[in-house]
Amino acid sequence: MRTCHSITAITLSLLLSFSASGQTRVSAASPTDETAAPATPVGPAHLEVPNQPYVPTPRDAQRTTAPGRALRNGYVSVQVNVDGNGANILNDAANEPSLAVDPTNHNRMVIGWRQFDNISSDFRQAGYGYTADGGSTWTFPGAIEPGVFRSDPVLDADSSGNFYYNSLTADASQTNFWCHVYKSIDGGATWDAGTYAYGGDKQWQAIDTSGGVGDGNIYAYWTSYYSACSGQFTRSYNNGASFEACTSIPGNPLWGTLAVGPDGELYVAGDGLVVAKSSTIQDSGQVAAWDFSTTVDLDGSMVGWGGPNPSGLHGQIWIAVDRSTGPSRGNVYLLCSVARASTSDPLDVMFARSTDGGQTWSAPVRVNDDPTDNGAYQWFGTMSVAPNGRIDVIWLDTRADPGGYDSELYYSFSTDAGLTWSANEALGPAFDPHVGWPQQQKMGDYFDMISDDGGADLAYAATFNGEQDVYYLRIPQSLRIGFPDGLPVLLTPGQPANITVRITPGNETYVAGSGTLYYRYADGAFAPVPLASLGDDLYEATLPAAQCSDTPEFYFSAAGSTSGVVLSPPAAPVDVYLADVGAYATAFADDFETDTGWLAENLGASSGNWERGVPVDDDSWAYDPASDSDGSGQCYLTDNGAGNTDVDGGAVRLTSPFIDMSGGSVLIAYDYYLYLTQAGENTDHLIAEINDGTGITNWIEIARHSTNGGLNWRHHEITQADLTAAGASLSNMMQVRFTANDADSQSIVEAGLDAFEVQSFSCVDSFGLGDLNCDGSADVFDIDAFVLAITNPGAYATSYPGCNINLADCNQDASVDVFDIDSFVALIVSK
């Protein structure tokens, strides 16, 4: 079942509630009066209001951890909301980032975001961070106005390098919304007192940097239904010193963006896929007027409020204009994550273009290249256009988590005005967007990106630390090394591993033959292996066979005609890619088709006991799963029956039989179902615990699930590192238990468990003692290799890459030397 909802439908619902309430709109006060706001309510209750109080949280009193640093395919994301020592701040949250870059000095950038000092309250402020070294390090002073409720940050820079921060606020009635625009002339280090800018919820702003008559103009628009004035557009002709009274935009766009064209023309796009244009609005001597408005077909509609972002948009509408000097100059582009009309996909990133100034538009094009109708969400689609006309697009993608919401940052670009798009490339590791919520079930409503000829600068939010944080990522257009099939993390003993490598030249030329894999399996020098061409921009790297005692490390290099040698990871060989040698074996697996001895207990709940069976899927009770997770038929569910069957007024527990986990390096995996109407770590939840190894008394929490997954099953894994961090000691008498808790009898708690599995990591070498040439047999053909191993270990490693020199320790005294000769001779003679 699709859990997202049409933005247009939501808007109509809000308008009906507005009309039914009998509320009226009034004009806003003078834009010079910062405190004046209409006394009459102007709209229905809304999310962007101060629901909970400000909780002062001194920075020096907050605990810290290592900062988030996400690495994927050679791309490095740097956490922005860090303390003065560059550490991650615990118990806060940062989301909905907006980015501005100084056009006179690319090293100077500012990112603004919704700052939650304490996740126990949804009170947020205008957080910001700035950099003077191109994004390598960031300074986070705090909020522009500490203790003042602010949301929806939107940043931009003028042609002189001044930064502007547009920020939403609301009054105590929680019905009036307006904005202030703050200005910084020192790279974002300090800000002025702000200028009243009319405005309203979900505003956006754009600054004219075209060099024409309108250069320096600031334009802003917002959702007219939530505003302190009776319009939805304003402009400033004096660098933000004041803003004109509100006016309207034809077509009534909302939840979208603005873009200034090469000749100073202004475009606005919003929900309903409405695009409006003004050619004269740049002229301060003319009344704000619009040439036309039109609607664009993206084969779907803008959606939100469900799926990966339950209380927010799944991405706003982006409009951009080509300002290059080439044949595509003046092209207008529209992009949005939309729920398709022609397929069942919940969200795709769709694109359309206009070559006649926005009057007519092309057929929609799908940017994401995953299989159609696979159920994946491509959400928070974001677009920007470089001065040379290249179009950059990023989004969050769940293609690697079927049926779930774990998301990866993806990227694609077009160098032919949107006619064709590059192969999708993952830029960041997967993360769970349903963690770290600061009393709001969303990660905000948008990301922000700015392109230049050499690449793109991106501000985005992710939960790599298990909490919501803001990250900066540079996406270069120089030569890049990527891995379309991923990198191996587990090598089979005695078998080489092939890795597909993509070398994308970007704006330069790849130096033929320069692609190289470097590896080592023990201390010492890295050995080079040339990449073999597979055609186009794809190459194959081969890691030689490794053995159990090896500790594989590797990295890649390639050369570009301009940038020279490019490394992946960028800091190699200090940073390298790692892999283990061995395999996981199943210690225990249960698809719940038979009774293997799980124990169901009631801990005071009036209903909702754990039961094994095929899900009933009662149409009159819309909170149960339609089927089990793995397709085998049965699973465990809380009170698997017709009607109101959820957990009420207490908790229910399900405990596994005893499991042998003494093999070590354990991985626990399971699928779980959790429908919550009142989510939160200290309210309704599902927790997993493990015993202390005795199977009697002490239990240790190893996972807490406290977010609503809707009607979807989700997958979770608990690694050996997780168990060690939790303080669990493993034995052959282990049990795992799951407890579903209902803290409020008025809420709904439905839980399920399926596909439970415990795996143990082990490694067995494929080569035996004396097999020094690694051909699978110890015989006379190993003599030369054996002599080299005991006389010149370095030369042996070079001559027999991937072979384990310890196989020359034929007398098993833990040393490879001349004392192994007699044992080696006896070994091969016996063959």
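See above for the structure.
Residues numbered from 1 in each chain as written. Predicted model: local features only at pLDDT ≥ 70, side-chain atom pairs only at ≥ 80, totals over all residues. Heavy atoms only, no water.

Focus on the environment of Pro484
In this fold, Pro484 is placed in the loop between strand E34 (480-482) and strand E35 (490-491). Taking the C-alpha atoms as reference points, Pro484 and Thr64, separated by 420 residues in sequence, lie 35 Å from one another. Not counting the four nearest positions on each side in its chain, Pro484 is found in contact with Thr500, Val501, Arg502 and Leu538. (Helix = DSSP H or I, 4+ residues; strand = E, 2+ residues; numbered from the N terminus. Contact = heavy atoms within 4.5 Å.)

Section: helix H3 (residues 783-791)
If you check which residues of H3 are buried, you get Ala785, Phe786, Ala789 and Ile790. Each buried residue of H3 sits inside an arc of 125° when the element is viewed along its axis, so together they form one side. Structural note: H3 exposes Asp784 and Thr791 on the side pointing more than 90 degrees away from its buried face. (Buried < 20%, exposed > 50% of the residue type's maximum accessible area, 1.4 Å probe, protein only. Arc of directions from axis to C-beta.)

Structural notes on the pairing of strand E4 (residues 75-79)
The side chains of a regular strand alternate, residue by residue, between the two faces of the sheet. Burial along E4 is one-sided: Tyr75, Ser77 and Gln79 are buried, and none of Val76 and Val78, which face the opposite way, are. Both strand E3 (residues 69-72) and E4 contribute to a ladder of four bridges, which runs antiparallel. Directly across from Leu71, in E4, lies its bridge partner Val76. Following E3, the chain reverses through two residues before pairing antiparallel with E4; Asn73 in that reversal takes a positive phi of roughly 55°. (Pairing = 2+ DSSP bridges.)

Quick look at the state of the cysteines
Scanning the model with the defined rule gives two disulfides in all. A disulfide bridge connects Cys229 with Cys246, and the sulfur atoms are separated by 1.9 Å. With the S-S dihedral at roughly -90°, the linkage between Cys229 and Cys246 falls on the left-handed side. Of this pair, Cys229 sits in the loop between strand E15 (218-221) and strand E16 (233-236) while Cys246 sits in the loop between E16 and strand E17 (257-260), and the two are 17 residues apart along the sequence. (Disulfide = S-S within 2.5 Å.)

Things to note about the pattern of salt bridges
Under the defined criterion, the tally for this structure stands at 22 salt bridges. For the salt bridge of Arg480 with Glu425, the shortest nitrogen-to-oxygen distance reads 3.5 Å. Of this pair, Arg480 sits in strand E34 while Glu425 sits in strand E30 (residues 425-426); the two residues are 55 residues apart in sequence, bridging distant segments of the chain. Residue classification places Arg480 among the buried residues on the basis of a relative accessible area of 4%. Here the salt bridges share partners, and the residues they tie into one network are Asp299, Arg340, Asp345, Asp348, Arg366, Asp369, Asp370, Asp397 and Arg399. (Salt bridge = Lys/Arg side-chain N within 4 Å of Asp/Glu carboxyl O.)

Quick look at the sheet that holds strand E19 (residues 274-278)
Read from one edge of the open sheet, four strands run E17-E18-E19-E20, paired in antiparallel fashion. Of all strands in the sheet, those bounded by a partner on one side alone are E17 and strand E20 (292-295). Within this sheet the neighbouring strands show an average axis-to-axis angle of 20°, counted without direction. (Axes fitted to C-alpha atoms, helices over the stretch in contact; angles between N-to-C directions.)

What about the side chain of Thr739?
By secondary structure assignment, the location of Thr739 is in strand E54 (residues 736-741). Here Arg653 takes part through its side chain, which lies 3.1 Å from a polar atom of the side chain of Thr739. Beyond its immediate chain neighbours, meaning those up to four positions away, Thr739 contacts Leu603, Ala651, Val652, Arg653, His685, Leu686, Ile687 and Glu689. (Polar contact = N/O pair within 3.5 Å; in protein donor to acceptor, adjacent residues only side chain to side chain.)

What to know about the layout of surface pockets
Considering only enclosed or pocket space, the second largest pocket measures out at about 1100 Å³ in volume. Considering the residues around the second largest pocket, the lining is formed by 26 residues, among which Leu487, Pro488, Val489, Leu490 and Leu578 are closest to the centre. Secondary-structure elements contributing two or more residues to the lining of the second largest pocket are E3, strand E43 (577-578), strand E50 (666-676) and helix H2 (720-726). A class-by-class count of the residues in the lining of the second largest pocket yields 17 nonpolar, five polar and four charged. (1 Å grid on protein atoms, 1.4 Å probe; cavity = no way out; pocket = protein on both sides within 12 Å on 5 of 7 lines; lining within 4 Å. Points joined across faces, edges and corners; volume = space filled by probe spheres on them. Nonpolar A, V, L, I, M, F, W, Y, C, P; charged D, E, K, R; others polar.)

Observations regarding unusual backbone geometry
Residue Pro569 follows Ser568 across a cis peptide bond; omega there is 0°. Along the chain, the position of Pro569 falls in the loop between strand E42 (564-568) and E43. Between Ala572 and the following residue, Pro573, the backbone shows a cis peptide bond with an omega angle of 5°. As for its position among the elements, Pro573 is in the loop between E42 and E43. Positive phi values are uncommon outside glycine, yet Glu96 reaches one of about 55°. Residue placement: Glu96 occurs in strand E6 (residues 93-101). Of note in this structure, Asp617 is not a glycine but carries a positive phi near 55°. Given the relative accessible area of 33%, Asp617 is considered partly exposed.

As for the side chain of Asn773
With respect to the helices and strands, Asn773 occurs in the loop between strand E55 (749-762) and H3. Polar side-chain contacts of Asn773 include one of 3.3 Å to the backbone nitrogen of Asp775.

A short note on the environment of Ser167
Structurally, Ser167 can be placed in strand E11 (residues 163-170). Under the relative-accessibility criterion, Ser167 is labelled buried at 1%. Separated by 29 residues in sequence, Ser167 and Tyr196 have C-alpha atoms that sit 10.0 Å apart.

With respect to the nonpolar core
One finds Ile668, Tyr670, Ile690 and Phe756 to be the most contacted residues of the largest nonpolar core, which totals 35 residues. Going through the elements one at a time, strand E49 (651-655), E50, strand E51 (685-691), strand E52 (699-705), E54 and E55 are the ones with two or more residues in this core. Looking at this core element by element, the count peaks at six residues for E50. The next biggest cluster of nonpolar side chains, apart from the first, holds 32 residues, and it includes Trp204, Ile249, Val385 and Val393. (Core = buried A, V, L, I, M, F, W, Y, C linked by side-chain atoms within 4.5 Å.)

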